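# What the coordinates show
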Amino acid sequence: FLVARSSAGFPISLLNGWNVTHPAKRWFGLTLATTLSSYIVSQSIPFFKALVGLIGAMTSVPLSLTLPAILHRRAKHISLMIPDRSCVSTDSYLLFLYSVVFLFIGLIGAISSIDEDWLNHGRPFSCR
């Protein structure tokens with residue numbers, strides 16, 4: 001994934017001296033990246049309910065509302081951002097607009113919930 005090939009076909013590491021083709025180093029790098037990202041997420045949003053709400057707000061609306069509207073408009077060869085004049089696919093355009101608005105409302109609600117939990121229980125990385 002982070003390996004380029006020279007003109008002679010030898011691997012050139014893009015990680016400044018790390019040979020990522022070596023299995024033990026690759027395992028160590030992936031384990032370190034997973035551990036650090038898990039630690040940062042768990043400490044920055046220490047409230048599981050708020051984290052689940054944020055993930056739900058970011059994924060449920062695009063997958064259940066935005067994606068079907070976009071795919072319908074692509075299948076009918078209709079421009080995504082401009083409503084069609086023949087009113088054949090006005091419903092998908094309104095669904096797309098509604099999903100964008102609903103996505104922002106969900107994200108604002110999830111972020112305000114995290115902010116409220118921080119005020120009640122302390123900021124992330126604090127030793128309260």
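Computed from a prediction, not measured in an experiment: that's the story for all the values here.

## A word on the overall build of the protein
Helix and strand counts for the protein come out as 3 helices and 2 strands. Counting from the amino terminus, helix and strand elements in the protein follow one another as β-β-α-α-α. When the 128 residues of the protein are sorted by exposure, 20% land in the buried category. When the accessible area of the protein is evaluated, it comes to approximately 9500 Å², of which 69% is carbon and sulfur surface.

## Topic: the nonpolar core
Counting residues in hydrophobic clusters, the biggest one holds 7 residues: Phe47, Ala50, Leu54, Ala57, Leu107, Ala110 and Ile114. For this core, the elements supplying multiple residues, two or more each, are helix H2 (48-75) and helix H3 (90-121).

## What to know about the packing of H2 against H3
Following both chains from N to C, one finds H2 and H3 inclined at 175 degrees, their axes separated by 9 Å at the closest point. Taken as axis vectors, H2 and H3 run roughly antiparallel relative to one another. Here the contact of H2 with H3 is built from residues that sort into 19 nonpolar, 7 polar and 2 charged.

## Considering the packing of aromatic side chains
One pass over the full model with this rule turns up 1 aromatic pair. On the numbers, 5.6 Å between centres and 10 degrees between planes, the contact of tyrosine 98 with phenylalanine 102 is stacked. Note that tyrosine 98 and phenylalanine 102 are positioned in helix H3 at a spacing of 4 residues, about one turn of the helix. What makes tyrosine 98 partly exposed here is its relative accessible area of 45%. With relative accessibility at 37%, the residue phenylalanine 102 sits in the partly exposed group.

## Observations regarding the side chain of serine 99
Relative to the helices and strands, serine 99 resides in helix H3. Of the residues examined, serine 99 reaches a relative accessible area of 0% and is grouped as buried. Dropping the residues within four chain positions of it, serine 99 is found in contact with Val61, Leu65 and Thr66.

## Examining a nonpolar patch on the surface
Together, Trp27, Phe28, Leu32, Leu36, Tyr39 and Ile40 make up an exposed nonpolar region whose accessible area comes to about 650 Å². Mapped onto the fold, phenylalanine 28 is located in helix H1 (residues 23-44). On the accessibility criterion, phenylalanine 28 (42% relative accessible area) is partly exposed.

Rules and cut-offs
- Residues numbered from 1 in each chain as written.
- Predicted model: local features only at pLDDT ≥ 70, side-chain atom pairs only at ≥ 80, totals over all residues.
- Heavy atoms only, no water.
- Helix = DSSP H or I, 4+ residues; strand = E, 2+ residues; numbered from the N terminus.
- Buried < 20%, exposed > 50% of the residue type's maximum accessible area, 1.4 Å probe, protein only.
- Areas by Shrake-Rupley, 256 points an atom, 1.4 Å probe, with all protein chains shown as cover.
- Core = buried A, V, L, I, M, F, W, Y, C linked by side-chain atoms within 4.5 Å.
- Axes fitted to C-alpha atoms, helices over the stretch in contact; angles between N-to-C directions.
- Parallel < 35°, antiparallel > 145°, perpendicular 65-115°, else oblique.
- Nonpolar A, V, L, I, M, F, W, Y, C, P; charged D, E, K, R; others polar.
- Phe/Tyr/Trp six-rings, centres within 6.5 Å; stacked < 30°, edge-to-face > 60°.
- Contact = heavy atoms within 4.5 Å.
- Patch = residues over 30% accessible without salt bridge, like charges linked within 9 Å, V, L, I, M, F, W, Y side chains within 5 Å.
- Salt bridge = Lys/Arg side-chain N within 4 Å of Asp/Glu carboxyl O.

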